[in-house]
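# Secondary and tertiary structure notes
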Amino acid sequence: MRLPSLVPRDRVFFDLFAQAGQNTVKAARLLEQMIQGWPEEGGLAREIVLAEQEGDRLTHEIVNRVNSTFVTPIDGEDIYGLATQLDDIVDHIDETADFMGLYRIEAPMEQSVALAEVLVRSCEQLEAALENLRGFKDLEKYWIEIHRLENEGDRLYRDAVAALFANGPDPMVVIRWKDIFTVLERAIDATETAAHILEGIVIKNA
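Now for a look at the structure at hand. Predicted model, so just to flag it, every value in this text is computed and none were measured. Counting restarts for each chain: residues are numbered from 1 in the order of the written sequence. In keeping with the model being predicted, local features are shown solely for residues with a pLDDT of at least 70 and side-chain atom pairs are shown and tallied solely at 80 or more, while totals for entire chains, interfaces and linings include all residues. Values reported for side chains reflect all heavy atoms of the structure, with hydrogen atoms and water molecules removed beforehand.

Glancing now at the packing of helix α3 (residues 76-102) against helix α4 (residues 110-131). Interhelical geometry of α3 versus α4 gives an angle of 155° and a closest axis separation of 13 Å. Comparing their axes, α4 and α3 come out roughly antiparallel. Two packed elements cross with a definite hand, and for α3 against α4 that hand is left-handed. In contact with L82, L86, I89 and I93 of α3, α4 contributes L119, C123, L126 and L130. Each axis is a line fitted through C-alpha atoms, and for a helix only the stretch in contact is used; angles between axes span 0 to 180 degrees, taken between their N-to-C directions. Secondary structure elements follow DSSP: runs of H or I of four or more residues count as helices, runs of E of two or more count as strands, with numbering from the N terminus. Oblique is the label for every angle not falling under 35 degrees (roughly parallel), over 145 degrees (roughly antiparallel), or within 65 to 115 degrees (roughly perpendicular). By convention, the crossing between two helices is left-handed when the near helix turns anticlockwise from the far helix through less than a right angle, and right-handed when the turn is clockwise. The contact criterion used throughout is that any non-hydrogen atoms of two residues lie within 4.5 Å.

This is how it looks when you write it as structure tokens:
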């Protein structure tokens, strides 16, 4: 009996990760557009929900394939960890969009726009790394840039929180915006965690 080739299965995992990377960029760009155009662009929250649902679907498919594939092209634990982090990025984006509506934000703070821009750039770097993951080569530039962007995000977050308290607005405004800034920072942090997993995958497969 002829055994099935492992090559198609390899291709499926890499293709799924590439799709997940594309989905993170889509969600991040939608959030950036929504924050920049808030409140007029508030309707984009519906599209972000759809991206979050697509992220869930991709994560479940990746995990199910890990559980049903005897030999995987990447260590199963790394596949699971990477899929989970990609899902977390989109979850944080969806949560940010939710907060904008639930907290009845009247207008965006400039720091939220800046954080959303960093998130988009970080997701774009992650997407590029995932598109080129199959060869396990020349990926270092992507995680180096993601790390730089994460540091930029940390600085923006600190400045944003400091500005909140320095301006002395209504305490409820402080609480609401601090929640939004925190979730945006978590999304950026999740891109760096995914990049660390990618670095480990490359080292193992070098």
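We now examine the environment of D91. You can see D91 is positioned in helix α3. In this structure the C-alpha to C-alpha distance between D91 and D189, which are 98 residues apart in sequence, comes to 13 Å. For D91, the contacting residues outside a window of four places in its chain are E52 and D56.

Now for unusual backbone geometry. The linkage connecting W38 with the following residue, P39, adopts the cis geometry, with an omega of 5°. Here P39 lies in the loop between α1 (7-36) and α2 (45-68). A positive phi angle is found at F136, which is not glycine, with a value near 55°. Structurally, the position occupied by F136 is in the loop between α4 and α5 (140-167). Note on exposure labels: buried denotes an accessible area under 20% of the residue type's maximum, exposed denotes more than 50%, and partly exposed covers the range between, all computed with a 1.4 Å probe on protein chains only. Residue classification places F136 among the buried positions, given a relative accessible area of 17%. One non-glycine residue, D138, lies in the positive phi region at around 60°. Looking at the secondary structure, you find D138 in the loop between α4 and α5.

What a helix should span is 1.5 Å times the count of its residues minus one. When the terminal C-alpha atoms of helix α6 (residues 171-205) are compared, their 51 Å separation across 35 residues agrees well with the 51 Å that a helix rising 1.5 Å per residue should span. Here a polar contact is recorded for every N or O atom pair within 3.5 Å, except that within protein the pair must consist of a potential hydrogen donor and a potential acceptor, and residues adjacent in sequence are included only if both atoms are side-chain atoms. For α6, the N-terminal cap is D170; the gap from its side-chain oxygen to the backbone nitrogen of M172 is 2.7 Å.

With that settled, consider the nonpolar core. Among buried residues, the Ala, Val, Leu, Ile, Met, Phe, Trp, Tyr and Cys ones that are joined through side-chain atoms within 4.5 Å form a nonpolar core. One finds F17, L31, L82, L119 and L133 to be the most contacted residues of the largest nonpolar core, which totals 69 residues. Contributions of two or more residues to this core are made by α1, α2, α3, α4, α5 and α6. When residues in this core are grouped by element, the largest group, 15 residues, is from α6. Ignoring sequence-local partners within four residues, the contact set of L119 consists of A28, L31, I93, L184, A187, I188 and T191.

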